[in-house]
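Each chain, written out:
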Amino acid sequence: MQYDSTLAKNKISLQGDGFELSTALYNVIASKFIFGGTISKEMSEKTFQFQRASNKIGGGFNLGIEYRSAHPIFKKNKEWSWMIDVSENGHFSGDYSDNVFGLLFLGNAHFLGETIEISGTYGRYEQFLSIGGGIHNRKTKSFITINAIFPQNFFNLAIDKGDIGFSNTGDEWNLNAEGTLLSANSYAYFKGLGAALNFGVYLPFGKGKKFNGIIEITGRNLGFYELNKANYYTVHTHKLYSGFSIKDLVNNVDDINLMDTLGISKREKTRGYLLPGFVQVGKIVMADSAKRWQSFFGLRFYTTKVYRPMIYAGVNFQPVSTVSIGTQLSYGGYGDLRLGLYVNYFTKRWNVGIGTEDLLGALMKYQFGYSGLIRASWTF
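Residues numbered from 1 in each chain as written. Predicted model: local features only at pLDDT ≥ 70, side-chain atom pairs only at ≥ 80, totals over all residues. Heavy atoms only, no water.

On to the overall build of the chain, then. Per the secondary structure count, the chain includes six helices and 18 strands. Based on the C-alpha atoms only, the size of the chain along its principal axes is roughly 75 × 40 × 35 Å. The buried share of the chain, reckoned over its 380 residues, is 46%. A separation threshold of at least 6 residues defines the contact pool for the chain, and within that pool the share at least 24 residues apart is 68%. When the accessible surface of the chain is split by element, carbon and sulfur atoms take 61% of a total near 19700 Å². The positive charge centre, built from 39 side chains, and the negative charge centre, built from 30, are 17 Å apart in the chain. (Helix = DSSP H or I, 4+ residues; strand = E, 2+ residues; numbered from the N terminus. Buried < 20%, exposed > 50% of the residue type's maximum accessible area, 1.4 Å probe, protein only. Contact = heavy atoms within 4.5 Å. Areas by Shrake-Rupley, 256 points an atom, 1.4 Å probe, with all protein chains shown as cover. Lys, Arg positive; Asp, Glu negative; His and termini not counted. Charge placed at Lys NZ, Arg CZ, Asp CG, Glu CD.)

Listed below in structure tokens is the structure:
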């Protein structure tokens, strides 16, 4: 993002970004879930060797369009005008152990005669539409919008306590588990209703000094929604089983007899959840600066259970008046160290930028994430 201090005109902006990141899941496997394909035993075994006692994974996407008007809405302060925005959003996050990965991707052959821990396994996915509007300052570029949230998909799994023991031959397994699973009602297109706040505040610092710039404080999807009549499963079982496999459980989760045997109960439940809100605080690049080189840095986080605060720092180079190139390092979030790259092209009316926050992930299959961003705006 670049900050422009000139008085804003009418502007239409398009934004698309998506990412997947993990501490231990190679792209060669993660890409199969995103783009399709077969996961071979060789891929699974190689990835299994890299798993830790606790592994994080997460990702999401945001596709949006925004319109900012140049028409004043206050007689005494003509810098303030109105704006609207619409976006489609998705986000997933999870936490799992090496044992859970091995069981899911390699089967129980690796664990015969053993008892493996599955406590702390967590996974959540949601998709929602956001529609709203608000006001923006044409001079400072600060803004605030209130948005209606329409959830479209939701899934949340949490195993609070659990372990699975396998006999030496694999024909019996002992399950001790306590947990919950909640999934959105499949019949309605919109699964509930919610509200969120989007905002941006831009604060200048160091005026008249050598080191100066703009601090951006921005938030997106900060709010909540309520799921209406979601399917709510609770698990409380401490039993020895034989005669069916874990595959039978997955394929027949709604079978009443099987649910009774496993100690699973099901009911409908209306429940509220916080959105996976996005917050970022940092120094940004100034579009009208005379400097060819500018630094940017900051802190980012999502309001999810698994996400760790991410720090980033980079440099922006503007070789000519219409082009800028930037690169940055980041650490944290759902993964570890990443290298990013972007290119912007801009004129008086148009601004187009593309980039990635995970350059190595785009080039190498044995990395731990993907990222892609594109932004375009038209001023008139």
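Further notes follow.
Another point: empty space enclosed by the protein. Across all of its chains, the model carries two cavities of 30 Å³ or more by this definition. Roughly 120 Å³ of volume is contained in the largest cavity. Lining the largest cavity are 15 residues, and of these F61, G90, H91, R220 and Y302 sit closest to its centre. Counting only elements with at least two residues in the lining of the largest cavity, the list comes to β2 (11–22), β3 (55–72), β4 (80–96) and β10 (213–242). (1 Å grid on protein atoms, 1.4 Å probe; cavity = no way out; pocket = protein on both sides within 12 Å on 5 of 7 lines; lining within 4 Å. Points joined across faces, edges and corners; volume = space filled by probe spheres on them.)

With respect to the helices and strands, the residue N137 is situated in strand β6 (residues 122–137). With near-sequence residues (within four places) excluded, N137 lies in contact with E79, W80 and S142.

Below, the discussion takes up the pattern of salt bridges. Within this structure, the stated rule accounts for eight salt bridges. Between E66 and R68 there is a salt bridge, with its nearest N and O atoms 2.8 Å apart. Taking the relative accessible area as the measure of exposure, R68 reaches 13% and is therefore buried. E126 is the partner of R124 in a salt bridge, and the nearest nitrogen-oxygen pair spans 2.7 Å. With respect to class, R124 is no different from E126; both count as buried. Counted as one network, the salt bridges with shared partners bring together R52, R308 and D336. (Salt bridge = Lys/Arg side-chain N within 4 Å of Asp/Glu carboxyl O.)

Evaluated as defined, the whole model comprises 24 aromatic pairs. An angle of 20 degrees between the planes, with centres 6.4 Å apart, marks the rings of F19 and Y334 as stacked. Note that F19 is positioned in strand β2 and Y334 in the loop between β15 (323–333) and β16 (337–346), a separation of 315 residues in sequence. In this pair, the class of F19 matches that of Y334, namely buried. Taking the centre distance of 4.9 Å and the plane angle of 85 degrees together, the rings of Y307 and Y334 count as edge-to-face. Here Y334 lies in the loop between β15 and β16 and Y307 lies in the loop between β13 (293–302) and β14 (308–320), a separation of 27 residues in the sequence. The same class applies to Y307 and to Y334, which are both buried. Each residue in the set F19, F278, Y302, Y307 and Y334 is aromatic and connected to the rest through ring pairs, giving one cluster. (Phe/Tyr/Trp six-rings, centres within 6.5 Å; stacked < 30°, edge-to-face > 60°.)

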